[in-house]
Each structure stands twice: as C-alpha cells, then as structure tokens.
Amino acid sequence: MKHFWIIAVFAIMVVSCGSEKNDNKIEKSDDTNDNSKNEMPATAEKMQPDLAKKTDLSSDDQTEEIINQHFKARGQDRLSEVKILGTKGSFTQGQYKSDFFSFISRPGKYYFEGTFGDKKFVQVFDGEHGWAIKPWIPDSVTAIGGMQLAAMKEQANMDGQLHNWKSKYLAVNYIGEGNVRGKPAYILNVKRTDGNEVKYFIGKTSFLVLKTESTANYNGQNVTTESFMLDHKKIDGIFFPFRYETVANGSIISEINVKEITIDPEIDKSIFKKP
C-alpha cells in the first residue's frame, strides 16, 4: 500500500490535475520530446541565449538568468494569474495501473483522487492539514503528518519549487552543463533547508525543466531518484509536461501520462474540507 501512496503523491507533485474539457490550442516544445531532434530549428535556437558563452557572468548571475529565462519560457506570468489547475491522467508502477484526477487551488491546496480496483483513493491538503481516505480501511479518514505532510505542502505549490527561490532555499547555484537523454541542459543545484539537495536540469534550447535528480538515504542505503519531465505542451500560454518517468538507481519505477490539463475549472471547494 505504501507504493500506491508514493505514486499518488508524485502525481500531484508534478502535475496539476482535472477533468474538464480543454479547448485551448496545444503547442509542443521540441527539446522535451523523446522523439524529437535534439535541437530546435536554427531560427528558434538563435532566439535563446547561450549562457555558457557569457564568461563575464558570475555563477550567481548565471543562476538568476537561467531561472528568469525558465520562467519566461514556461509562461510564469500567465501561471501567476491562474487560480485552479486541473489534470486528468493515468499512472503506472510495475503491473499496477490507475486513472487519476486532481486539483491544485491557490493558496496551496490540492485534492487527488485515484482508483484502487473498483474503489477510490483520496488525498487532500487544505493548506494546513493533510488526510487520506483509503479503500482498504473502510469508513476511515487517516491523518497525514511528518515528512509526508511536508511533501504534500510542497506539492501544493502551483508555481513550482524554483519560484521565489531566494526566500525558500539555503542556496541555488549554477554548477555546469549536462544532458538529458542527449539534450543539452544547464544544471542548477538546490540546497534545501531540510538538508537535502536537488539538481534541476533545464534545457538549453527550451529553458524548461527536463529532469530533477536527488539522492536520499532509505534504510541505510543511498538511492538516487531521477524524475524526467517529457512531452511539454503549451496550454493557454503555459508549458506543462504531459509525461513523467521516475527512475531509481537506473530502473524505471513509475510513469505518469497526462491526458488533459485545464485552467480555472469550476470545482466544489468543499472537496478541500475534511469529512
């Protein structure tokens, strides 16, 4: 049952979920698509600054410019206007596959619902408290606390973890370049207040996040986890990944496929109230 909770949390961490029809035009970003060429067309490439060639920039200057370019490319100004984000999709772990939908609502709330056989699994964070309704425990509401609650609070952040980074983390530094499945990327290292560090790989041509990477100790063993953000598409001026892969120590452990993303759907706000 623990693995199911991990997938549910991951689904909300990387996607904002919903179920309403979306009539917005969809555009794709080339360097976030596994099936695309590694580089954007020359005309688009010329529009993107190659920060690595700006040798007069300090590491701090490069960090700030990369993040600013990321927000511009992602459509952060438009995202800041959005009150509710919704996504509908499916996730897979091993032989287990389930459909899900969820909502993220400002300020810092989310609702997640997935299927477990013919029953539903629900997780909610109301901005302060978190709880779950689990189908294997009939007629019960289970409180969520500790590290799980901290993770839920972070996942309810609609703007993403790099937003307002100067006030949230001990440090964010540009540490060089790498590649994500053959696509060149800038690497930012984020030092969090909880002592953990996360590397962000931001595409050199798209300036979208292509991957995050972190290492944590589980039961005395270091486990490196990579989260790949793939198939970015633009919805109402904002780029979203439509596919995610989570890889632990080199092996794929889960995959999320997004079917729909909706902007400001009408929802019943009572879903964020504890039963």
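See the structure above.
Remember, predicted model here, so these are calculated numbers, not experimental data.

A.B. asks: An account of the overall build of the chain is requested, with residue identities and associated values reported.
C.D. replies: Along the chain, the regular secondary structure elements total six helices and 14 strands. Counting every position in the chain, which comprises 275 residues, the buried fraction comes to 46%. Within the chain, contacts between residues at least 6 apart in sequence are counted, and of these 52% link residues at least 24 apart. Summed over its atoms, the accessible surface of the chain is roughly 14,200 Å², and 48% of this surface lies on carbon and sulfur atoms.

A.B. asks: Provide a residue-level description of the packing of aromatic side chains, including the pertinent values.
C.D. replies: Following the criterion strictly, the structure yields nine aromatic pairs and no others. Ring geometry for F91 versus Y96: centroids 6.5 Å apart, planes at 40°, classification tilted. A centroid spacing of 6.0 Å and a plane angle of 70° characterise the contact between F101 and F103, whose relative ring orientation is edge-to-face. A cation sits over an aromatic face here: K211 above F201, 4.2 Å from the ring centre. Taking NZ or CZ as reference, K233 lies 4.7 Å from the ring centre of F242, over its face.

A.B. asks: Please give an account of the pattern of salt bridges that cites residues and values.
C.D. replies: Per the stated rule, a full pass over the model turns up 14 salt bridges. The partner of R106 in a salt bridge is D159, and the shortest N-O contact between them spans 2.9 Å. Residue R106 is located in the loop between β3 (96-105) and β4 (109-116), and its partner D159 is located in the loop between α5 (146-155) and α6 (165-168); the two are separated by 53 residues in the primary sequence. A relative accessible area of 29% means that R106 is categorised as partly exposed. Its relative accessible area of 9% is what places D159 among the buried residues.

A.B. asks: Residues and numbers for the environment of I133, please.
C.D. replies: When you line up the elements, I133 lands in strand β6 (residues 130-133). Taking the relative accessible area as the measure of exposure, I133 reaches 28% and is therefore partly exposed. For the pair I133 and K120, spaced 13 residues apart in sequence, the C-alpha to C-alpha distance is 8.2 Å. Setting aside anything within four residues of it in sequence, one finds I133 in contact with K120, F121, V122, S140, V141 and P275.

A.B. asks: Before we move on, can you summarise the pairing of β3 with the specific residues and values?
C.D. replies: Relative to β3, strand β2 (residues 84-93) is paired through 10 bridges, and the arrangement is antiparallel. In the sheet register, G86 faces β3, and the bridge partner there is F103. Between β2 and β3, which pair antiparallel and follow one another directly, the connecting turn spans two residues, one of which, G94, has a positive phi of 60°. As judged from the six bridges shared by β3 and β4, these two strands associate in the antiparallel manner. Opposite F101, over in β4, you have E113 as the bridge partner. Counting the residues between successive antiparallel strands, the hairpin from β3 to β4 contains three residues, one of them, G108, with a positive phi of roughly 65°.

A.B. asks: An account of unusual backbone geometry is needed here, citing residue identities and associated values.
C.D. replies: Across the junction of R106 and P107, the peptide omega takes the value -5°, indicating a cis bond. Looking at the secondary structure, you find P107 in the loop between β3 and β4. A positive phi angle, close to 55°, is found at D231, a residue other than glycine. Positionally, D231 belongs in strand β12 (residues 221-235).

A.B. asks: Describe the environment of W131, with residues and values.
C.D. replies: For W131, the position within the fold is in strand β6. Counting along the chain gives 14 residues from W131 to G145, while the straight-line C-alpha distance between them is 8.4 Å.

A.B. asks: Can you tell me about the nonpolar core, naming the residues and giving the values?
C.D. replies: In terms of nonpolar packing, the biggest core is built from 41 residues, with L85, V172, L188, Y200, I202, F240 and I263 touching the most fellow members. Look past the residues within four positions of V172 in its chain and what remains in contact with it is T63, I67, W165, L188, N189 and V190.

Cut-offs and rules
Residues numbered from 1 in each chain as written. Predicted model: local features only at pLDDT ≥ 70, side-chain atom pairs only at ≥ 80, totals over all residues. Heavy atoms only, no water. Helix = DSSP H or I, 4+ residues; strand = E, 2+ residues; numbered from the N terminus. Buried < 20%, exposed > 50% of the residue type's maximum accessible area, 1.4 Å probe, protein only. Contact = heavy atoms within 4.5 Å. Areas by Shrake-Rupley, 256 points an atom, 1.4 Å probe, with all protein chains shown as cover. Phe/Tyr/Trp six-rings, centres within 6.5 Å; stacked < 30°, edge-to-face > 60°. Lys NZ or Arg CZ within 6 Å of the ring centre and 35° of its normal. Salt bridge = Lys/Arg side-chain N within 4 Å of Asp/Glu carboxyl O. Pairing = 2+ DSSP bridges. Core = buried A, V, L, I, M, F, W, Y, C linked by side-chain atoms within 4.5 Å.

Without other data, these values stay purely geometric and don't point to any function.
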